[in-house]
Amino acid sequence: MDDATDEVQQAIAGEMQLMDPRVRSSRELAGRLLDPGFVEVGRSGRRWTYETTLARLADAPGSAPDGPRYEPSCMTGVRLAPGVVHLTFETRLGAVRTRRSSIWRRREGAADWRMYYHHATPVAPGTE
């Protein structure tokens, strides 16, 4: 496996962890996967930061262990530069479909990958 493929796989692994209700419901675990400079533009158009995301994540949809879970599909990634990966994919949570894009980075000298940016776009019912 080359470096680019390995980096994409590590970013995908991080993305999958962030969809796990056990991680989403734990400020500590989720905090390890988000970069301190993290920003998200959510489905609603609202802007979320590292702190606002961690404060609400445990109560957000997909975080309850006995509730609906995110079902990802068509996840692909590309290495933009060493230590920077862009992922795109779609999720389904119940009947709600969302197209997603995230940027993951590994800071120089660090072993862990963290999500730096995330964008979510709702998919209208009936859209292919």
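Going by the structure above, here's the rest.
It is worth spelling out the pairing of strand S5 (residues 96-105) at this point. In terms of strand pairing, strand S4 (residues 84-93) meets S5 through ten bridges, oriented antiparallel. Its bridge partner lying in S5, Phe 89 is registered against Arg 100. Connecting S4 to the next strand, S5, in antiparallel fashion are two residues, including Gly 94 with a positive phi near 65°.

Here we take up the environment of Gly 37. Along the chain, Gly 37 turns up in strand S1 (residues 34-41). Each C-alpha atom of the pair Gly 37 and Leu 54 lies 13 Å from the other, and the pair is 17 residues apart in sequence.

Another point: the pattern of salt bridges. Considering all chains together, one arrives at eleven salt bridges under this definition. Glu 51 is the partner of Arg 27 in a salt bridge, and the nearest nitrogen-oxygen pair spans 2.6 Å. One end of the pair, Arg 27, is in helix H3 (residues 27-33); the other, Glu 51, is in helix H4 (residues 50-56), and 24 residues separate them in sequence. A single salt-bridge network, built from bridges that share partners, covers Glu 7, Arg 79 and Arg 106.

With that settled, consider the side chain of Thr 98. Structurally, the position occupied by Thr 98 is in strand S5. Not counting chain neighbours up to four residues away, the residues in contact with Thr 98 comprise Arg 43, Phe 89, Glu 90, Thr 91, Ala 120, Thr 121, Pro 122 and Val 123.

So, how was this worked out
- Residues numbered from 1 in each chain as written.
- Predicted model: local features only at pLDDT ≥ 70, side-chain atom pairs only at ≥ 80, totals over all residues.
- Heavy atoms only, no water.
- Pairing = 2+ DSSP bridges.
- Helix = DSSP H or I, 4+ residues; strand = E, 2+ residues; numbered from the N terminus.
- Salt bridge = Lys/Arg side-chain N within 4 Å of Asp/Glu carboxyl O.
- Contact = heavy atoms within 4.5 Å.

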